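This is what each chain is made of:
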Amino acid sequence: MVKTVIFDMDGVIVDTEPVHRYAYHTHFKELGIDVSEHVYNSFTGHSTKNTYERLKELYDVKGEVQSLVLRKRALFNESFDTKPDLELIEGVRELIEGLHAKGIELIVGSSASKSTIDRVFTRFGLYPFFTHIVSGEDLPKSKPDPTIFLKAASLAKHNAVEDCMVIEDSTNGIKAANAADIRVIGYKSANSKQQDYTGANHIVHDFRDIDADYIINL
């Protein structure tokens, strides 16, 4: 039985992709680089730090990684704070509240920075439902490296990967869960692009089609 659910955030709890896209592409213009859709989509699930490390390799971008990250983050924060139509993924609040009511421990394992996670959790009042938040900002490697999910599982009350379930929307996230030997639900939404869900144990297209009992009994 599932006792702990580890949620990715971007694309699973909230769709911040349009805000990230605006921030990244604005910064790409400032840097004078032309990043194709194929390359941009390959960064899905990566931390901002790892994304800029890769961009420096691919495009010989000048400047320190930390400075590049801070500039992108400033652009993101500007846009996030002024975007009135940013909402949670449909059905996810009900799923979170349902799991919490059933006594299932909820943890976030997201490549997003701590400041971005805090903005989302504060805006939508999500802190009361989650016991721990693990940010990729604190880790040397991004998904598909399994460290983020192994860290999340180690913080769980039951501290056993077999009692955990990950919910992910990206190829890299699913691979990370597979490498951590944690079962994973692939959330394949209408906005999913260039993502491979073959590694997911289960696939969900709409959170409104499932409930807490569905996940608990997987």
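Residues numbered from 1 in each chain as written. Predicted model: local features only at pLDDT ≥ 70, side-chain atom pairs only at ≥ 80, totals over all residues. Heavy atoms only, no water.

**Student:** In this structure, what is going on with the sheet that holds strand 5 (residues 183–187)? I would like to understand it.
**Tutor:** Within a sheet, each strand pairs with its neighbour through backbone hydrogen bonds, oriented either parallel or antiparallel. Read across the open sheet, the six strands follow the order 3-2-1-4-5-6; overall the sheet is parallel. Where the open sheet ends on each side, the last strands, each with one partner, are strand 3 (132–135) and strand 6 (202–204). With direction set aside, neighbouring strand axes in the sheet form an average angle of 25 degrees. Two elements, strand 1 (residues 4–7) and strand 4 (residues 164–168), share four bridges in a ladder whose sense is parallel. By the bridge assignment for strand 4, Val 5 is matched with Met 165. In the packing of helix 6 (residues 114–124) onto the sheet, contacts are made with strand 2 (105–110) and strand 3, and the angle to strand 3 comes to roughly 140 degrees. In this fold helix 8 (residues 171–179) packs onto strand 4 and strand 5, with an angle of close to 170 degrees to the strand it touches most, strand 5. (Pairing = 2+ DSSP bridges. Helix = DSSP H or I, 4+ residues; strand = E, 2+ residues; numbered from the N terminus. Axes fitted to C-alpha atoms, helices over the stretch in contact; angles between N-to-C directions. Contact = heavy atoms within 4.5 Å.)

**Student:** Quick question: what am I supposed to make of the packing of helix 4 (residues 65–82) against helix 6 here?
**Tutor:** Geometrically, a packed helix pair is captured by the angle between its two axes and the distance between the axes. Across the interface, helix 4 lies against helix 6 with an axial gap of 11 Å and an inter-helix angle of 10 degrees. With respect to each other, helix 4 and helix 6 are oriented roughly parallel. For the pair helix 4 and helix 6, contact is made by Arg 73, Phe 76, Asn 77, Phe 80 and Asp 81 and by Ser 115, Thr 116, Arg 119, Val 120 and Arg 123, respectively. Residue composition of the contact of helix 4 with helix 6, grouped by class: three nonpolar, three polar and four charged. (Parallel < 35°, antiparallel > 145°, perpendicular 65-115°, else oblique. Nonpolar A, V, L, I, M, F, W, Y, C, P; charged D, E, K, R; others polar.)

**Student:** Sorry, what's going on with the nonpolar core here?
**Tutor:** Soluble globular proteins tend to bury their nonpolar side chains together. Of all hydrophobic cores here, the largest spans 40 residues; its most connected members are Phe 7, Ile 13, Leu 99, Phe 130, Ile 167 and Phe 207. Leave out the neighbours within four places in its chain, and Leu 99 touches Val 5, Phe 7, Ile 104, Leu 106, Ala 212, Ile 215 and Ile 216. Judged by nonpolar contacts, the second largest core, of 19 residues, contains Ile 6, Leu 139, Ala 156 and Val 184. (Core = buried A, V, L, I, M, F, W, Y, C linked by side-chain atoms within 4.5 Å. Buried < 20%, exposed > 50% of the residue type's maximum accessible area, 1.4 Å probe, protein only.)

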